[in-house]
Amino acid sequence: MTLQIYIHCSPNWRVLETAAIKAWKDGDGKKLVIVPSAMLRDWWLSRLAEECGGVHGEVVVTLEKLAEQLAQRNAQTLFRLAHPLELRLAAWDALYECNVPEQWRVSGVVDAFLDAVKELELHDLKPEDVAQALAYDRNINLLTELWKYWRKSLNGRNLWTVGDVLRQGIEAAQRLQGELCSEVIAYGFTGLTDLRWKFLQALRGIGVKTMRFFVPTLASNQQAYCYTQNLFNLLKPQGAKICKISDDDLPSELKCIPQLAFCWQRECETKQETDRIVCIAAAGEEQEIEMAIRVLTQWAREGKLKRYSDALLMVRSIDKYLPALEAMSARYGIPYVLLSESGQPAHGLQQLLNAFAEAKRRGFDGELLWQILPSPYLQVNGKPLLPVERHEETLKRIRENIAETDTQYWVEELGFDGIFSQKLGEFFEAVSNLPLEASAGEHARSWRKLLDMFVTPANGDEKEKEALSHLRSVLNSLMAWEKTELQLSEIVKMLIDACRFKATIPQDAIRVVSVTDGRGIWSPAVVILGLNDDEFPQISSRFKLLTDEHRMKLQQIFKLLTPLESRSQLLASERMLFMEAIGSATERLVVTYKRTDSEGKPQAASVFLSAIENALLASGWRWRCEERDLGDVLPRNLDEAIDQRDAEKVAIFSAFSIGQLSPDEEALTAQVLRDESLHFRLQMEWKRWEEPQQGQWDGNLPSLSSHIVKHLQAKRVRVTALEDYGHCPYRFFARHILGLQRPQEITYTVDRRIVGILWHKIMEKFLQQWQLQGNLPDEKTLRDIAEDVVNCELKNYPDMARELVCQQVLAAVEKVYSAERSELQKGWHPIGVEVELQFEASRLGEVPEPLKQVVISLKIDRIDESAKKQLRIADYKTGGAPSYTGIENGIALQLPLYALAVQVSDELACKPVVEALFLKLLEFTQRGVYSTACRLVEQQRGRQLKEMQQIAINWARQFLKSIAAADFTVRPFRLDSSCRGCDFKAMCRQNKLRLTERGQMTSSGENLE
Ligand code: SF4
């Protein structure tokens, strides 16, 4: 009997789910839903309950659970799938039993082993087969030996591995007949392994005729969703039919991300800002979360978010963010709930267990004692071991001899009565009896004794009782592993993992979930935290027992249907996870990353961030950007966070308000205003507003004049620095006199700027090659140079980011080459590349005497010569290029002054400059030649080079004079264009209400109006 297969696809989880629920309802609810994880099963059950009222729990099942249920029905003895803890213990057993070399006895080996065997088992491989196929490999021999022992150890305890369960499930499906429903919905699978697929196929034997796959993918974007390709390759030969789902009600800015992410398209000319998508750049995890909560709160206030529970915070690795989440939740009083398969961590209990282990290792010093003794969990017969009224006195005594570790000393020193001394002694003994290295059973007995005698849930809390009883049940199951040798650190890790309780969801709490656990959950607002390199995409640095070479060989020898997890497969799976997280949002999306860590060290942004930014820009959208630096002091409560107020502002407001001040406000005002530095800052601020652009508060510093002249004489002034002065004298001061620079953000994002820098380098090498060989090199040379430059310049980039940039650069090679050929046909060939020139300021004509010898320097991207020995000066631009009005306004001096430099240089002065222009390196006309800008020529038509040169010279003279007079006033030429992207906004207090633009002033500095 053939299986009818249908594939329904949508990149958005809600759209996919609606279609799946409809399909489920169409069958009168008689279909079975198979999902990949227990978390998704819980979500589905809750959604079915909402949509259809109550449903039976067996309607939704995970794939492995279904296999286990079938296998158990068919088995003679009582087997079950082993729990993660049991898999781990069996692995330790195997490691101690088999004679593994020293290098294998390292931390992380158990995880590496479990990962490797799970991967191989899921591909229907057995240890004997793998050992035979890769017999020459010593590591594989060891791995397969361990694997055999591990399985034997589990099977001996009536436990199945995942491979056993699926194989037994297949066998059961062949024996049990016609027991399952006729239609199955396989929801949320993005890939299958050989054995999982074989199991699904085997369901035919028990009556399944139709299988509907609901896959979160978009066929038109292969780059982003390539991970799902293997699933399609598996299903299509089986005659699978693709069914379309419509998703018209999603906002278009959200819809465009799955369509274009990772396709790296050219930006749209016109863009519209959307506040549905926000990008947050922060310093450290705490600021990331604080900013995200702030955005959500703003949306809630504006009615764009109904309640906090409509927001879902997703993060790749949740542990890193938990402390920050707790701090923020406590500070702002906004509850959060962690959705996790294993439950919420019981932090208090976890800390206590850690402290016990630490005390065993290094003894009870004062610090540890103070950590443990007041713990509310530490109780004897329902009463605290250390009564609350003794806390102060005990702390005082501990402080007096904090380094002491002798427990007898502490019993004598702290024992305020006989009973307490006895209990304290017994407690010390119970902790010291914890073994450092012993069998799992022995460890479990000692820990059990300690917990039974001294640990009780604080205030009889039900959740903690549950966590403690779970901990006890783990200790009980450890007792069955008598022969498994474990170290204290290993046992503590297991116990801490077990300290969890089931999440109870508060009324209105932000939901927090890891990206993997959150697959399939959707929400109106989604926040994806931690979009930094190495965090997401996360490439495991843990050492691996299987290499890509092993995988390739196994793949070939066993002709596997689905790929093993090679490195490229891992990257594709990270990309898939990211696209699935994006697909969780139905209305709004916040993406956050750390520009620096919490101490100011720059952090690299994730390439995923630029993938969505590019998708938005290419679709005509710009996200809203929220930036926060280390210097931004965290506010103390949410009102302050939202309104940007701080104590000073409150105090000043109070001081100037006519209302009656409360005693608190009066005290605060008086205290703040007494502060001398605040007094000075207030005065300065007052002047800024009263006399803007007139005094030293705004950069008018005549007293520095002689120092500045000396500085100019000793250094050179670049033409681009004069342009900076044209844009704003204060910017020139900050950048070129003070030498300030904003720390460069480490980013692996594929933006225009990086591509521009690379193309400058590529053209430099290509034109040098042209000069060297005397004729235009071929296209392959340009391509080879381009590849070389990318690999060399981006050698520190992650492979994936480098490959993406390389693709983008190589995509332009053909057009650039044909534009170069056109330049040659027009009669130009290069005679100089990156030509450094300089001239004395006296060449500009009348300048003040002390400035005459000041050197003006510049670098010309390219000088071409025609057959008539005439010269053309070209400067490359890969973004916007200046216009003629830029020269007229003194903010674009490059071309005319570059021409002057050539005209007065020793080597080139003999040839006339007939043209100067900007060549737009990556923009081409319809005829395939470079687009140009600001073309200055000698002939009659077009802008006259000479005329523009005179204007530029006049500006340069004027600027030099003002620089020598130390006039660095905050005077932007235009408040929007000049200040956009300027690094010094915070210093200059740029403010539209206060400043007059240079463009609005007469030459004497008067306001035009
Ligand atoms: S932000 Fe504007 S006003 Fe401030 S220094 Fe930069 S260009 Fe000048």
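Residues numbered from 1 in each chain as written. Predicted model: local features only at pLDDT ≥ 70, side-chain atom pairs only at ≥ 80, totals over all residues. Heavy atoms only, no water.

As for the side chain of Thr-562
- Relative to the assigned elements, Thr-562 resides in the loop between helix 22 (548-557) and helix 23 (567-582).
- Given a relative accessible area of 2%, Thr-562 falls into the buried group.
- Of note is the side chain of Thr-562, whose polar atom sits 2.4 Å from the side chain of Asp-194.
- In this view, Thr-562 contacts His-123, Leu-192, Thr-193, Asp-194, Leu-234 and Gln-555; residues no more than four positions away in its chain are not counted. (Helix = DSSP H or I, 4+ residues; strand = E, 2+ residues; numbered from the N terminus. Buried < 20%, exposed > 50% of the residue type's maximum accessible area, 1.4 Å probe, protein only. Polar contact = N/O pair within 3.5 Å; in protein donor to acceptor, adjacent residues only side chain to side chain. Contact = heavy atoms within 4.5 Å.)

A look at the nonpolar core
- Trp-44, Tyr-187, Phe-578, Leu-589 and Trp-759 are the most contacted members of the largest nonpolar core, which has 104 residues in total.
- Sort the elements by how many residues they give to this core and helix 32 (residues 752-773) lands first, with nine residues.
- If near-sequence neighbours (up to four positions away) are discounted, Phe-578 is found in contact with Phe-262, Ile-528, Leu-531, Phe-536, Phe-608 and Ile-612.
- The next biggest cluster of nonpolar side chains, apart from the first, holds 87 residues, and it includes Trp-92, Ala-94, Leu-120 and Val-492. (Core = buried A, V, L, I, M, F, W, Y, C linked by side-chain atoms within 4.5 Å.)

Some details on the confidence of the model for the protein chain
- Here the protein chain shows a mean pLDDT of 87. Residues at 70 or above account for 93%.
- Here helix 25 (residues 638-643) stands out as the least confident element of the protein chain, with mean pLDDT 44; strand 19 (residues 523-529) is the most confident, with 97.
- Note that residues 633-645 has pLDDT below 50 and, in this model, 32 contacts with residues that lie over four places away or in other chains. (pLDDT = per-residue confidence, 0-100.)

With respect to the packing of aromatic side chains
- On inspection of all chains with the given rule, the structure shows 28 aromatic pairs.
- Look at Trp-92 and Tyr-96: their rings are 6.3 Å apart centre to centre, the planes differ by 40°, and that puts the pair in the tilted class. Of this pair, Trp-92 and Tyr-96 both sit in helix 4 (residues 84-97), four residues apart, which is roughly one turn of the helix.
- Since its relative accessible area comes to 30%, Tyr-96 is described here as partly exposed.
- Ring centres 5.7 Å apart and planes at 85° place the aromatic pair Phe-536 and Phe-578 in the edge-to-face group. (Phe/Tyr/Trp six-rings, centres within 6.5 Å; stacked < 30°, edge-to-face > 60°.)

Brief notes about the site of the ligand
- All residues in the neighbourhood of the ligand are listed as Cys-728, Tyr-730, Arg-731, Val-970, Pro-972, Ser-978, Cys-979, Cys-982, Lys-985 and Cys-988.
- Those elements that place two or more of their residues in the shell around the ligand are helix 31 (729-737) and helix 39 (985-988).
- Residue composition of the shell around the ligand, by class: seven nonpolar, one polar and two charged. (Near = heavy atom within 4 Å. Nonpolar A, V, L, I, M, F, W, Y, C, P; charged D, E, K, R; others polar.)

Quick word on helix 12 (residues 284-301)
- For helix 12, which comprises 18 residues, the first-to-last C-alpha distance of 26 Å matches the rise-based estimate of 26 Å (1.5 Å per residue) to within 8%.
- Among the 18 residues that make up helix 12, 14 are buried, leaving the element largely enclosed by the rest of the structure.
- Just downstream of helix 12 lies Gly-303, where phi reads positive at about 80°. (Expected span 1.5 Å × (residues − 1).)

What about a nonpolar patch on the surface?
- A cluster of nonpolar side chains, namely Leu-738, Leu-740 and Met-987, defines an oily patch on the protein surface of about 220 Å² accessible area.
- Assignment of secondary structure puts Leu-738 in the loop between helix 31 and helix 32. (Patch = residues over 30% accessible without salt bridge, like charges linked within 9 Å, V, L, I, M, F, W, Y side chains within 5 Å. Areas by Shrake-Rupley, 256 points an atom, 1.4 Å probe, with all protein chains shown as cover. Salt bridge = Lys/Arg side-chain N within 4 Å of Asp/Glu carboxyl O.)

Points about the side chain of Ser-329
- As for its position among the elements, Ser-329 is in helix 13 (residues 322-332).
- What makes Ser-329 buried here is its relative accessible area of 14%.
- Those residues within four positions of Ser-329 in sequence are excluded, and the remaining contacts are Ile-334, Pro-335 and Tyr-336.

Some details on the pairing of strand 27 (residues 930-937)
- Of all eight residues that make up strand 27, six are buried, and the element is covered over most of its length.
- The pairing of strand 26 (residues 913-924) with strand 27 spans six bridges and is classified as antiparallel. Residue pairing in the sheet places Phe-924 in a bridge with Tyr-930 of strand 27.
- Counted along the chain from strand 26 to the antiparallel partner strand 27, the turn is five residues long, and its residue Gly-928 has a positive phi close to 85°. (Pairing = 2+ DSSP bridges.)

Focus on helix 20 (residues 462-478)
- Taking 1.5 Å of rise per residue, the 17 residues of helix 20 would be expected to cover 24 Å, and the 24 Å separating its terminal C-alpha atoms lies within 8% of that figure.
- Turning to helix 20, its buried residues number three or more, namely Glu-464, Ala-467, Leu-468, Leu-471, Val-474, Leu-475 and Leu-478. In an axial view of helix 20, the angular spread of the buried residues amounts to 115°, which keeps them on one side of the axis.
- Those residues of helix 20 that are buried lie in contact with helix 4, helix 14 (347-362), helix 19 (440-454), helix 21 (488-498) and strand 17 (500-501). (Arc of directions from axis to C-beta.)

Description of the environment of Ile-953
- Its place among the elements puts Ile-953 in helix 38 (residues 945-964).
- For the pair Ile-953 and Gly-845, spaced 108 residues apart in the sequence, the C-alpha separation amounts to 8.1 Å.
- Apart from residues no more than four positions distant in its own chain, Ile-953 is found in contact with Leu-844, Leu-897 and Leu-900.

Considering the packing of helix 32 against helix 34 (residues 799-811)
- Across the interface, helix 32 lies against helix 34 with an axial gap of 11 Å and an inter-helix angle of 60°. Between helix 32 and helix 34, the interaxial angle falls into the category oblique. Handedness of the helix 32/helix 34 crossing: right-handed. Within the contact between the two elements, helix 32 uses Val-755, Leu-758, Trp-759 and Ile-762 and helix 34 uses Val-805, Gln-808 and Val-809.
- Looking at the contact of helix 32 with helix 34 residue by residue, the classes come out as six nonpolar, one polar and no charged. (Axes fitted to C-alpha atoms, helices over the stretch in contact; angles between N-to-C directions. Parallel < 35°, antiparallel > 145°, perpendicular 65-115°, else oblique. Left-handed = near helix turned anticlockwise from the far one by under 90°.)

What about the pattern of salt bridges?
- All chains considered together, the criterion is met by 66 salt bridges.
- Arg-624 is paired through a salt bridge with Asp-275; the nearest N and O atoms lie 3.8 Å apart. In this pair, Arg-624 sits in strand 21 (residues 621-627) while Asp-275 sits in strand 9 (residues 272-283), placing the two residues 349 residues apart along the sequence.
- Residue classification places Asp-275 among the partly exposed residues on the basis of a relative accessible area of 24%.
- We note a salt bridge from Asp-452 to Arg-472, for which the minimum N-O separation is 3.0 Å. Residue Asp-452 is located in helix 19, and its partner Arg-472 is located in helix 20; the two are separated by 20 residues in the primary sequence.

Quick notes on the packing of helix 33 (residues 779-793) against helix 35 (residues 813-825)
- As a packed pair, helix 33 and helix 35 sit with axes 10 Å apart at the nearest point and diverge in direction by 130°. Taken together, the axis directions place helix 33 and helix 35 in an arrangement best described as oblique. Seen from above, helix 33 lies across helix 35 with right-handed handedness. Across the interface between the two elements, Glu-779, Leu-782, Arg-783 and Ala-786 of helix 33 pack against Val-813, Glu-814, Val-816 and Tyr-817 of helix 35.
- For the contact of helix 33 with helix 35, the per-class residue count stands at five nonpolar, no polar and three charged.

Examining the sheet that holds strand 19
- Ordered in space as 11-18-10-19-20-9-21, the seven strands form an open sheet in which the pairing is parallel. Only two strands of the sheet have a single partner each, and these edge strands are strand 11 (336-339) and strand 21. Within the sheet, the average angular offset between the axes of one strand and its neighbour, ignoring direction, is 25°.
- Note: strand 9 against strand 21, seven bridges, orientation parallel. Bridge pairing in strand 21 links Thr-274 to Trp-623.
- The strands touched by helix 13 within the sheet are strand 10 (311-315), strand 11 and strand 18 (510-514), with strand 11 carrying the most contacts at an inclination of about 155°.

Some points on the sheet that holds strand 3 (residues 60-62)
- Strand order in the open sheet formed by six strands is 3-2-6-7-1-8, and the pairing between neighbours is parallel. A single partner strand is all that each edge strand has here, and the edge strands are strand 3 and strand 8 (241-244). Each strand of the sheet is rotated relative to its neighbour by a mean of 25°, with strand direction disregarded.
- Relative to strand 8, strand 1 (residues 4-9) runs parallel, the two being bridged by four bridges.

Thoughts on the environment of Phe-973
- Within the element layout of this structure, Phe-973 appears in the loop between helix 38 and helix 39.
- Each C-alpha atom, one on Phe-973 and one on Gly-890, is 9.2 Å from the other, the two residues being 83 residues apart in sequence.
- Apart from residues lying up to four places away in sequence, Phe-973 is in contact with Gly-726, His-727, Asn-889, Ile-891, Ser-978, Glu-997, Arg-998 and Gly-999.

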